[in-house]
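Here's the letter readout for the chains.
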There are 2 protein chains.
Amino acid sequence: MSINIMTQDLMALHISQNAEAMERFVEEHPLADCAEALTELLDNQRLTAKEAGQLLLLISLEKQAALFGYFSLRWQEKLAEELNAQELAQMTELMPHDERADLLTQLEPEFQHQVLQQMDAEDRRDIQRLVSYPEESVGALMTSDFATLDAHQTVEEAINQLRKIASERETIYQAYVVDEQMHLQGTVSLRDLMISEPSLTVGKIMTQVLIFVRVDEAQNVAAQAISKYDLLALPVLDQQNRMVGIVTYDDAMDVAEEEADRSIHKSAAVDFSGNLKDASVGLMYRKRVFWLVLLVFGNLFSGAGIAYFEDTIQAYVALVFFLPLLIGSSGNAGAQSATLMVRAIATGEVIGKDWAKMLAKELFIAGLLGVTMAIAVSLLGLWRGGPEIALVVALTMQIVVVVGSLVGMSLPFILSKLKFDPASASAPLVTTIADAVGVIIYFSVATSILDFPAVG
Amino acid sequence: MSINIMTQDLMALHISQNAEAMERFVEEHPLADCAEALTELLDNQRLTAKEAGQLLLLISLEKQAALFGYFSLRWQEKLAEELNAQELAQMTELMPHDERADLLTQLEPEFQHQVLQQMDAEDRRDIQRLVSYPEESVGALMTSDFATLDAHQTVEEAINQLRKIASERETIYQAYVVDEQMHLQGTVSLRDLMISEPSLTVGKIMTQVLIFVRVDEAQNVAAQAISKYDLLALPVLDQQNRMVGIVTYDDAMDVAEEEADRSIHKSAAVDFSGNLKDASVGLMYRKRVFWLVLLVFGNLFSGAGIAYFEDTIQAYVALVFFLPLLIGSSGNAGAQSATLMVRAIATGEVIGKDWAKMLAKELFIAGLLGVTMAIAVSLLGLWRGGPEIALVVALTMQIVVVVGSLVGMSLPFILSKLKFDPASASAPLVTTIADAVGVIIYFSVATSILDFPAVG
């Protein structure tokens, strides 16, 4: 159903304040769509946060808790502020542990304190632990409501236990076999339990192949492991090898999406991951100005190259006609190479020892591209300036496409060797470097050929 | 464990041909790592496909079937060719239905026919149906081994049924309630079944909120739905509303990754998604040459602009010094805007009606960026050419940054309105257009100011 119809229904529910109808509405639509429709109404100021909060209070606590995580953190905070500490505490106790920790950190310290006071001690400790992990770490992504089993339990007992805790756990499809110190001994899937002899012990059927991440690793590492090993959830261990949480596949998907956003934006020299519509003017200015100004200084090298060859230009102004074309092609070829290489490094597809092989292949491809481009541009040269100019531009084109590709290919590798993020070898940076090199090659070729009228 | 140690173990197993030890090896390591280690040996020609195939035949059919999908399709094909039709048919009968269909399409028609002849009629029909869907469609991604239930079954009966079919189904955690014509009536999760009263009917507890995709839709649509609604699996319906398959979260992750690859590469005008290391020279040449040559013609506009202002350049050669810097900044600002906008459109974050608002914000940001850049460049102008040149370059910078951003902002939108892929508004294309516009602005400003020596 379209979000538009849902917003109309919600406005009607806002007027009627019919709790039963609101409960039915939330039953009948996917929670993600309910949150999207409410967000639409909030964004367009057709409902205030207070009014939306009232609508939420019409539904059961369970539904509130399940729905809340689908709002953006910004709206979660605004909506939470419209509830009192007790209402919020009751709801958050039922929320997934990772989502409630994210929400609580958004609140004003005083209100946060009030809410925590309303919760029981165990939930409070759990939240305080989860919020203590650094923002980009696995700890800040994982949830602590995972299902544990004992190796000595029988399969039948294990299934019964999972059944009992099903409603409070993020997932019961993957359970973790731990000892009393929470050391991870193995994992067992609900599917394995269901197809096993009920009298066997869990220890007998569990998988000991243990794929895990450390709590302080980058979130990306967890996302890549989940994708590579096709996992539903990945266990997280602390430095003492105790299991402290799991990262689920849906959170891994969000991380992968954010990473992709960031890579794409970096390719254009904007280090930004988030919602463009909501980003403030100041933030976007800061994210963009640094690179733009830096690239100005890069372009000075091109300018300096041109200044050096001023006499040549004065003598053959027609050369300037081909300037944007030649340095543009160098930059474009470089941007292509750099982007291909950055991505190949990021996905782990290319590692150090493959580089020489890749470089040789790239040089060959660039050579072919250069020949094609040189033929195209030489025709243009003939038409605009005669055979000498044609020779100059064709030769220049061949060289700059190869050199540009070489720059684009090497820069990400050099950056990654120097422990910088290879994605900083953005298209604009490569283009700027390739431009400067292109200018020098162009006028060097031109000066050496055009000074000897015998050629051509 | 590191892949290096695994490759050594595999070489030892290759020599000993010890079936029991090989079975244990596969038990003790994640399947993804086993496939990676074998691929490493195949890539480096330490094992031939024949030898690797022999190693695979040492393990049980179930393990073979589970492991096979972790190889690249290229190696799957080579390995399959080393088995005889009967061995391959036995293994593929146990493979996930989507993976075996992908594998079978790789085989030589005659061998494919032989393998299909060895399979039972139902499996044969299933494969023939799956391979008939177009390559980029949901049909080519989905698997047909999903779990179905009847609305009249009790919860207890349903759990027993899922238990029975667990080993042949891609997942039993999400089951689909269908009628005799395979019309989808609802879904029920194993978790819901486990926490429900055993005597209730499935129809009573199933969820009727139905999120599905059509078999002929783009794979991306399925991946986005799975991510948005946090699904384990998404049902796929044909045109007659019959359920024909499911797309699972792990396949959705692969699609999302491929899409991200493609977006990033498109941002540099290379429409390529795949493994760079394995891509042939011919393929990479074709993927890159089209845009490079096209952009040559784009750059001709810049050249033409320069030719038009040849007299101005002849009189003030110093202007050429600033040319790369000014048109470069215009292009860089444009590339930033375009990349932000393309991504925002792709993730559905920005839709048509938001455009005016975004444009206004973008213009404001570009204005601020322009002021910053103009101040920086005017100092340079003072130093290189005096106050008049400083005025020209500052004014030009302010204009070209705003115009460049405007081009970068508008082009993806115009392309998407014209039903082209907005990602084609790659950084190189935007840079080329912004360059040409920049040249004209630069020399227009220069001509009008420098012709009147009173200014400045």
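Thresholds, definitions, all that
- Residues numbered from 1 in each chain as written.
- Chains lettered and ligands numbered in written order.
- Predicted model: local features only at pLDDT ≥ 70, side-chain atom pairs only at ≥ 80, totals over all residues.
- Heavy atoms only, no water.
- Helix = DSSP H or I, 4+ residues; strand = E, 2+ residues; numbered from the N terminus.
- Rg over C-alpha atoms; globule rule 2.2 N^0.38 Å.
- Buried < 20%, exposed > 50% of the residue type's maximum accessible area, 1.4 Å probe, protein only.
- Contact = heavy atoms within 4.5 Å.
- Areas by Shrake-Rupley, 256 points an atom, 1.4 Å probe, with all protein chains shown as cover.
- Lys, Arg positive; Asp, Glu negative; His and termini not counted.
- Charge placed at Lys NZ, Arg CZ, Asp CG, Glu CD.
- Buried area = accessible area lost by both parts, 1.4 Å probe.
- Salt bridge = Lys/Arg side-chain N within 4 Å of Asp/Glu carboxyl O.
- Polar contact = N/O pair within 3.5 Å; in protein donor to acceptor, adjacent residues only side chain to side chain.
- Nonpolar A, V, L, I, M, F, W, Y, C, P; charged D, E, K, R; others polar.
- Arc of directions from axis to C-beta.
- UniProt positions renumbered as here; feature names shortened; annotations may be inferred.
- Pairing = 2+ DSSP bridges.
- 1 Å grid on protein atoms, 1.4 Å probe; cavity = no way out; pocket = protein on both sides within 12 Å on 5 of 7 lines; lining within 4 Å.
- Points joined across faces, edges and corners; volume = space filled by probe spheres on them.

Q: Run through the overall build of chain A, naming residues and quoting values.
A: Within chain A, the secondary structure is distributed over 20 helices and six strands. Relative to a compact globule of 456 residues, whose C-alpha radius of gyration would be 23 Å, chain A shows 30 Å and is clearly more extended. The buried share of chain A, reckoned over its 456 residues, is 55%. Summarising the internal contacts of chain A: among those between residues at least 6 apart in sequence, 66% fall at separations of at least 24. Just so you have it, chain A exposes about 19,300 Å², and 55% of that area is on carbon and sulfur atoms. Within chain A, the 59 negative side-chain charges are centred at a point lying 4 Å from the centre of the 31 positive side-chain charges.

Q: Give me the interface of chain B and chain A: which residues, what numbers.
A: Listed per partner, the contact involves 112 residues of chain B and 112 residues of chain A. Surface buried jointly by chain B and chain A totals about 10,100 Å² across both partners, of which 66% is contributed by carbon and sulfur atoms. Broken down residue by residue, the surface that chain B buries against chain A is led by B:R191, B:M194 and B:R288, which jointly contribute 8%. Counting every contact that joins chain B to chain A gives six salt bridges. Connecting chain B to chain A are 36 residue pairs in polar contact (both at pLDDT 80 or more). If one sorts the elements of the side of chain B that touches chain A by residue count, helix α18 (residues 318-346) of chain B sits on top with 18 residues. For the side of chain B that touches chain A, the residue count by class is 62 nonpolar, 24 polar and 26 charged.

Q: Account for helix α6 (residues 73-82) of chain B, naming residues and giving values.
A: Residues and elements named next belong to chain B. Within α6, burial applies to W75, Q76, L79 and A80. Down the axis, α6 shows its buried residues gathered within 135 degrees of arc, on one side only. Residues of α6 that are buried sit in contact with α3 (31-43), α4 (49-57), α5 (61-68), α7 (85-94), α8 (97-106) and α9 (109-118).

Q: Which residues make up the UniProt feature "transmembrane region" (unreviewed entry) in chain A, and what are the values?
A: All names here are of chain A. UniProt records the feature "transmembrane region" (unreviewed entry) for residues 289-309, 315-335, 363-383, 389-415 and 427-450 in the present numbering. Strand forms 0% of residues 289-309 and helix 95%; the C-alpha atoms that close the span are 31 Å apart. Between the first and last C-alpha atoms of residues 389-415 the distance is 38 Å; the span itself is 100% helix and 0% strand.

Q: Lay out the sheet that holds strand β4 (residues 213-214) of chain A in plain terms, naming residues and giving numbers.
A: The three strands are arranged β4-β5-β6 (chain A) in an open sheet whose pairing can be described as mixed. Looking at the sheet topology across the chains shown, the edges are occupied by β4 and β6 (243-248) of chain A.

Q: Please set out empty space enclosed by the protein residue by residue, giving values where relevant.
A: Rolled over the atoms, a probe with the dimensions of a water molecule shows which regions are left empty. In total, this model carries eight cavities of 30 Å³ or more according to the counting rule given. Estimated volume of the largest cavity: approximately 160 Å³. Taken together, the residues of the lining of the largest cavity sort by class into five nonpolar, ten polar and two charged.

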